[in-house]
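# Secondary and tertiary structure notes
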Amino acid sequence: MPPPLLRSSLRRHLRHFSSLSSLSFPSAPSRSPPPLPRSGDQLTRFPSSRSSSFTFTTDPFDPTTLLKEDPISLCTSLWVSSFSSPSPPSVSPYLSRLELWLLAYQKAYADDTGSYLPRGSIPASAIHSLLSLRNAVIDGRFKWGNRLTPFVRSPRDKTDPSTLSKRKLKLLLSTPGPSPFQDKIVQEVLLMILEPVFESKFSSKSFAFRPGRTAHTAIRTIRRSFAGYLWYLKGDVTSLLDCPRTNLVLNALIRQIRDKKIVDLIRSALLTPVITSNPFEDALKKKKKSRKYQKRKVLAEDEPKPDPYWLQTFFDFAPEEARKQPDWGHLGPLSPLLSNLILDELDKFMEEKIEEFYKPSSSDVISNESEQGKTSWPEFVPTTGPDKTRKIDYLRFGGHFIIGVRGPRADAAILRKQLIEFCDKMFEIKLDNECLPIEHITKGIMFLDHVLCRRVVYPTLRYTATGGKIISEKGVGTLLSVTASLKQCIKQFRKLGFLKGDREPDPQPCFRMFHATQAHTNSQMNKLLLTMSEWYKYADNRKKVVNFCSYIIRGSLAKLYAAKYKLRSRAKVYKIASRNLSRPLKEKKGVSQEYQNLLRMGLVESIDGLHYTRMSMVPEPDYSPFESNWRPDHERVILEFVKLRDLGVIEGFKREIREDGLVTPQEEVSMIVWSYKRNAYLEEPIVEENEEREEIGERNLEGFEEAL
């Protein structure tokens, strides 16, 4: 028997080994003692090591025993419960689930370092820190913007505040910068909890800062639903997105969720001041000596790379409606969600006005009861009848909205007056007639850098009359045209420095790519052109505007290469590098016969030429039909799943199948199995009966032969 000292040492090592074996995340033990689990948490109990069998005990402070369910399934259940019940579900239990905090840590880690961290690679010390952060949030001890004593540190943060001097501590607390790493984790957890609850209640008329609802879906909805409207109102309430009032956000939040912990978290995030200026910045600039040559910045191994040039350029090319994104206090990604929550009151108000202003007329072809109005073109409106139907429609993208009115201008004026009163009462925003101008469709309505206008067409209308007879008539109507604004495109290029001039735009060299190779520069601009072509996918003049963008970029690169390789003019660049700049310009290799032979044999690397140098290369506009009651894919799948969970719906489906004389796949399989089992028992009698029939047939055949 081993001595007592050896037994105690062995027991201590076995206990430490058992605690490590229960963990699925390898790491070194943390320096600080692990936090105690909360009273509501359940721990998995295992047999003690004092028993006769050789078993290991689980560490009672092991947080991995709280990971009982997959976090994706937790989020899915919250989405389904939010869309299945009219009342919002209780979100308090989700705030204490450690699985969601672990998923939020992975998301924040990927955003901070630019690399994905698998769940099995998360260190045990990080899980203990996440448990401490979760307990602090639930107990109300969490403080936003805490940089000195955070519960969870960023994997890139190597500084220890306890070793810093007073001057560096003041500089750390007063220097503006990104949110602390633990703030991002809390933001992600709140976003995973609140987004499904709010998305199930949001209006289908809003298309910004929402999953699956982009600017493209807004343009397609306008093309589908805004045909036939003569007067348009455009409004701008982006002042709400700049600096909202705390009581406005909290009142909108309390109307949807009555959870005190979440409301207090968001209130503290709004009221906690954010560092926006550094008082020591001027003093540091004076002490810092100016350098004649700036050194090139070398990124660390775990530092994420900045966006490439083509992506930065396309972000700067964004339309005015999509350029501003709310960022309130310490809320981070929660700001767009809460802005939609505030503006959802405006959406509900406009939905009531849509029902109030709708006055259909059976003699009007745009009415829903008319069969001739249902043509193959959803944006086509026949004009053979009097304009009697009065209706309005509404669409919002962020802080900008557009309203279409079919009827007299007086209806648009009445609606504008009611809208001004509503915004003043609900949002305390002072709007006037200049902020809400009433414009006619013939002048062209600008929205999302696309122009809405009306064209008169004379198509052949075909419809089915009574008796199934197809009637063809020559009609006249108006077609809603959605075209990309070439003027706005020139304005954006001028702002980015690609051209100058208005009437005759002259491309300017893109000196930012001066030190890049020709192959890298061409690939960057090709990505920009492909993205521009995708952005103008639903514009009627897609071929024209994309070809114009290609002309500007090609001219800019030609001037850049002329300055870089000292060729003096664009004509010489095109002569050596061809029209699409695919031949090498260095040392004029593109015109040599030797290079052509090597390129033909595949012995040299080719350079990608610029896309869309001719208008015939640009893809056609996308005119695919768009559903009137369109929903994003995830919402459609969730609603279909909720519908199939209802037993009454399943019974209705079975009843319809029986009435139509069809059989479900399950019933067909059961019938096949049952017939197989039944025939298996009747196999021998069937064989004997067949043998008797064969003997009778042979006797009859012998008797017939004897008779012959």
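See the structure above.
Now for a description of the structure that goes with this document. (Residues numbered from 1 in each chain as written. Predicted model: local features only at pLDDT ≥ 70, side-chain atom pairs only at ≥ 80, totals over all residues. Heavy atoms only, no water.)

So, about the overall build of the protein. If you tally the helices and strands in the protein, you get 24 helices and 12 strands. With 708 residues in all, the protein has 41% of them scored as buried. Within the protein, contacts between residues at least 6 apart in sequence are counted, and of these 73% link residues at least 24 apart. (Helix = DSSP H or I, 4+ residues; strand = E, 2+ residues; numbered from the N terminus. Buried < 20%, exposed > 50% of the residue type's maximum accessible area, 1.4 Å probe, protein only. Contact = heavy atoms within 4.5 Å.)

Quick look at helix α2 (residues 71–84) now. Spanning 14 residues, α2 covers 20 Å between terminal C-alpha atoms, matching the ideal 20 Å at 1.5 Å per step. All of the buried residues in α2 are Pro71, Leu74, Cys75, Leu78, Trp79, Val80, Ser82 and Phe83. (Expected span 1.5 Å × (residues − 1).)

Further remarks concern the side chain of Arg554. Inspection of the secondary structure puts Arg554 in helix α18 (residues 542–564). With no salt bridge to any partner, buried Arg554 finds its closest opposite charge in Asp506, at an N-O distance of 12 Å. For Arg554, the contacting residues outside a window of four places in its chain are Tyr574, Arg579, Leu581, Leu610 and Thr613. (Lys, Arg positive; Asp, Glu negative; His and termini not counted. Salt bridge = Lys/Arg side-chain N within 4 Å of Asp/Glu carboxyl O.)

Take the packing of aromatic side chains next. Any aromatic ring pair is given by two values, namely how distant the centres are and how the planes are angled relative to each other. One pass over the full model with this rule turns up 16 aromatic pairs. When the ring of Phe142 is compared with that of Trp144, the centres are 5.1 Å apart and the planes differ by 80 degrees; the resulting orientation is edge-to-face. Across this residue pair, the class does not change: Phe142 and Trp144 are buried. Taking NZ or CZ as reference, Arg213 lies 5.7 Å from the ring centre of Phe207, over its face. A cation over a ring is seen here: Arg409 above Trp231, with NZ or CZ 5.9 Å from the ring centre. (Phe/Tyr/Trp six-rings, centres within 6.5 Å; stacked < 30°, edge-to-face > 60°. Lys NZ or Arg CZ within 6 Å of the ring centre and 35° of its normal.)

Let us now look at a positive patch on the surface. A cluster of basic residues, Arg323, Lys487, Lys491 and Lys495, forms a positive patch at the surface. Residue Lys487 is classed as exposed on the basis of its relative accessible area of 72%. (Patch = residues over 30% accessible without salt bridge, like charges linked within 9 Å, V, L, I, M, F, W, Y side chains within 5 Å. Areas by Shrake-Rupley, 256 points an atom, 1.4 Å probe, with all protein chains shown as cover. Charge placed at Lys NZ, Arg CZ, Asp CG, Glu CD.)

Structurally, the position occupied by Gly212 is in the loop between α7 (181–199) and α8 (215–225). Taking the relative accessible area as the measure of exposure, Gly212 reaches 40% and is therefore partly exposed. Measuring from C-alpha to C-alpha, the distance between Gly212 and Pro632 comes to 5.3 Å, with 420 residues separating the pair along the chain. Contacts of Gly212, omitting those with residues within four sequence positions, involve Thr217, Trp630 and Pro632.

Bringing helix α15 (residues 409–426) into the picture now. Over its 18 residues, α15 extends 26 Å from the first C-alpha to the last, a length consistent with the 26 Å expected when each residue adds 1.5 Å. Within the sequence span of α15, burial applies to Asp411, Ala412, Leu415, Arg416, Leu419, Ile420, Phe422 and Cys423. One or two residues past the end of α15 sits Glu428, with phi positive at roughly 60 degrees.

Time to look at the nonpolar core. The biggest cluster of nonpolar side chains holds 151 residues, and the ones touching the most others in it are Tyr105, Ile185, Phe198, Phe427, Met525 and Tyr536. In this view, Ile185 contacts Trp101, Ala104, Tyr105, Ala108, Leu130, Leu133 and Val152; residues no more than four positions away in its chain are not counted. Counting 5 residues, the second largest nonpolar core, distinct from the first, contains Trp79, Val80, Ile638 and Val642. (Core = buried A, V, L, I, M, F, W, Y, C linked by side-chain atoms within 4.5 Å.)

Attention now goes to the packing of helix α4 (residues 98–113) against α7. For any two helices packed against each other, one specifies the inter-axial angle together with the distance between the axes. Direction vectors running N to C along α4 and α7 enclose 125 degrees, while the axes themselves pass 8 Å from each other. Judged on the interaxial angle alone, α7 and α4 are oblique. Judged by the twist between their axes, the crossing of α4 over α7 is right-handed. Here α4 contributes Leu100, Trp101, Leu103, Ala104, Tyr105, Lys107, Ala108, Tyr109, Asp111 and Asp112 to the contact with α7, which in turn contributes Phe181, Lys184, Ile185, Val186, Glu188, Val189, Met192 and Ile193. Here the residues of the contact of α4 with α7 are counted per class, giving 13 nonpolar, no polar and 5 charged. (Axes fitted to C-alpha atoms, helices over the stretch in contact; angles between N-to-C directions. Parallel < 35°, antiparallel > 145°, perpendicular 65-115°, else oblique. Left-handed = near helix turned anticlockwise from the far one by under 90°. Nonpolar A, V, L, I, M, F, W, Y, C, P; charged D, E, K, R; others polar.)

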